[in-house]
Amino acid sequence: LLETCRDLAEKQGDRRSWALIGLHMGRLFYFSDQRGLAFRCFSEAGEAVEEMGDEDILWRSAKFLGIFSFMQGDFRRAIEHFERALRPLGDGKAHLPNPYAPLFMAVSCACLGEFHRAIGILDYHGRGAEREGRAGLAAVFRAQLGIVLLQVNNRKEALSNLEAALLEATRNN
């Protein structure tokens, strides 16, 4: 379906839609472990986004380009993209951020040794997910928090968070 839509966008000369569809395809290929296809989609669409360069397209593509940078091991660039994805667009409208942007951002921070920052991001967004009643997402943040706590050798808190995440995940299937 995405390939069909992307072809139609190209035929209509809609470069903006073509790029966003390509980024969605890149994300799907990345998460389905088809990294070569993901790389190609992210690269082509990312070039188009950079050519357009307006604030709207940069904001809309940030979470995808963050995953692309993460995939390449460019964690500093990934953090920049995820920070942009988490900022309000500035048009006065409420936008829901992609819930995985802070997760990938925190992992990127941990990969750079910025453990306190990673812990803060995971704790903050995990608590926010709990307040919003998003138990599954909260469990994911809590599990990742446990992993980062293990990296800093805080085994007691890591175990507590990992056990709580497992319990919550089990409870919510």
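Analysis parameters
Residues numbered from 1 in each chain as written. Predicted model: local features only at pLDDT ≥ 70, side-chain atom pairs only at ≥ 80, totals over all residues. Heavy atoms only, no water. Salt bridge = Lys/Arg side-chain N within 4 Å of Asp/Glu carboxyl O. Helix = DSSP H or I, 4+ residues; strand = E, 2+ residues; numbered from the N terminus. Buried < 20%, exposed > 50% of the residue type's maximum accessible area, 1.4 Å probe, protein only. Core = buried A, V, L, I, M, F, W, Y, C linked by side-chain atoms within 4.5 Å. Contact = heavy atoms within 4.5 Å. Expected span 1.5 Å × (residues − 1). Axes fitted to C-alpha atoms, helices over the stretch in contact; angles between N-to-C directions. Left-handed = near helix turned anticlockwise from the far one by under 90°. Nonpolar A, V, L, I, M, F, W, Y, C, P; charged D, E, K, R; others polar.

**Student:** Which parts of the structure should I look at to understand the pattern of salt bridges?
**Tutor:** Side-chain pairs of opposite charge can arise where the charged atoms are in close proximity. Evaluated as defined, the whole model comprises 15 salt bridges. Two residues, glutamate 44 and arginine 40, come together in a salt bridge whose shortest N-O distance is 3.9 Å. Within this pair, glutamate 44 and its partner arginine 40 are both found in helix H3 (residues 35-52), separated by 4 residues, close to a single helical turn. For glutamate 55, the salt bridge identified is with arginine 84, shortest N-O distance 3.8 Å. With a gap of 29 residues between them, glutamate 55 in helix H4 (residues 55-71) and arginine 84 in helix H5 (residues 75-86) connect regions that are remote in the sequence. Exposure remark for glutamate 55: the relative accessible area of 44% places this residue in the partly exposed category. The partly exposed category is assigned to arginine 84, whose relative accessible area is 22%. Because the salt bridges share partners, they merge into one network encompassing Arg16, Asp54, Asp56 and Arg60.

**Student:** Looking at this structure, how should I read the nonpolar core?
**Tutor:** It is characteristic of soluble globular proteins that their nonpolar side chains tend to be buried jointly. Among the nonpolar cores identified, the biggest contains 47 residues, and Leu23, Tyr30, Phe42, Val49, Phe70, Phe82 and Leu122 are the most heavily contacted of them. For this core, the elements supplying multiple residues, two or more each, are helix H2 (15-31), H3, H4, H5, helix H6 (100-111), helix H7 (115-131) and helix H8 (135-151). If we skip the residues at most four places from it in the chain, leucine 122 touches Leu103, Ala106, Phe141, Gln144, Leu145 and Val148.

**Student:** Please explain the environment of glutamate 163 as it appears in this structure.
**Tutor:** Note that glutamate 163 resides in helix H9 (residues 155-171). Note on glutamate 163: relative accessible area 49%, which makes it partly exposed. Taking the C-alpha atoms as reference points, glutamate 163 and arginine 142, separated by 21 residues in sequence, lie 9.3 Å from one another.

**Student:** Looking at this structure, I do not really get H2. What am I missing?
**Tutor:** Because each turn of an α-helix spans 3.6 residues, side chains separated by three or four positions in sequence point in the same direction. With 17 residues, H2 should reach 24 Å at 1.5 Å per residue; the first-to-last C-alpha distance of 24 Å fits that figure. Looking only at H2, the buried set comprises Trp18, Ala19, Leu20, Ile21, Gly22, Leu23, Met25, Gly26, Phe29 and Tyr30. The inward-facing, buried residues of H2 contact helix H1 (2-11), H3, H4 and H6.

**Student:** What's the story with the packing of H3 against H4 in this structure? I'm lost.
**Tutor:** For any two helices packed against each other, one specifies the crossing angle of their axes together with the interaxial distance. Relative orientation of the contacting elements H3 and H4 amounts to 145°, with a least axis distance of 10 Å. Our pair here, H3 against H4, has a crossing hand that is left-handed. Residues Arg35, Ala38, Phe39, Phe42, Ser43, Gly46, Val49 and Met52 of H3 pack against Ile57, Leu58, Ser61, Phe64, Leu65, Ile67, Phe68 and Met71 of H4. Here the residues of the contact of H3 with H4 sort into 12 nonpolar, 3 polar and 1 charged.

**Student:** What exactly am I supposed to notice about unusual backbone geometry here?
**Tutor:** Trans peptide bonds make up most of the peptide bonds, and negative phi angles are found at most residues other than glycine. The phi dihedral of aspartate 33 is positive, around 60°, even though this residue is not glycine. For asparagine 153, which is not a glycine, the phi torsion comes out positive at approximately 65°. Residue asparagine 153 is classed as exposed on the basis of its relative accessible area, which comes to 53%.

**Student:** Got a minute to help me understand the environment of aspartate 54 in this structure?
**Tutor:** Along the chain, the position of aspartate 54 falls in the loop between H3 and H4. Note on aspartate 54: relative accessible area 28%, which makes it partly exposed. When the C-alpha atoms of aspartate 54 and asparagine 173 are compared, they prove to be 41 Å apart, with 119 residues separating the residues in sequence.

**Student:** Just checking my understanding: could you explain the side chain of serine 69 for this structure?
**Tutor:** Inspection of the secondary structure assignment puts serine 69 in helix H4. Residue classification places serine 69 among the buried positions, given a relative accessible area of 6%. Excluding anything up to four places from it in sequence, serine 69 contacts Asp74, Arg77, Ala78 and His81.

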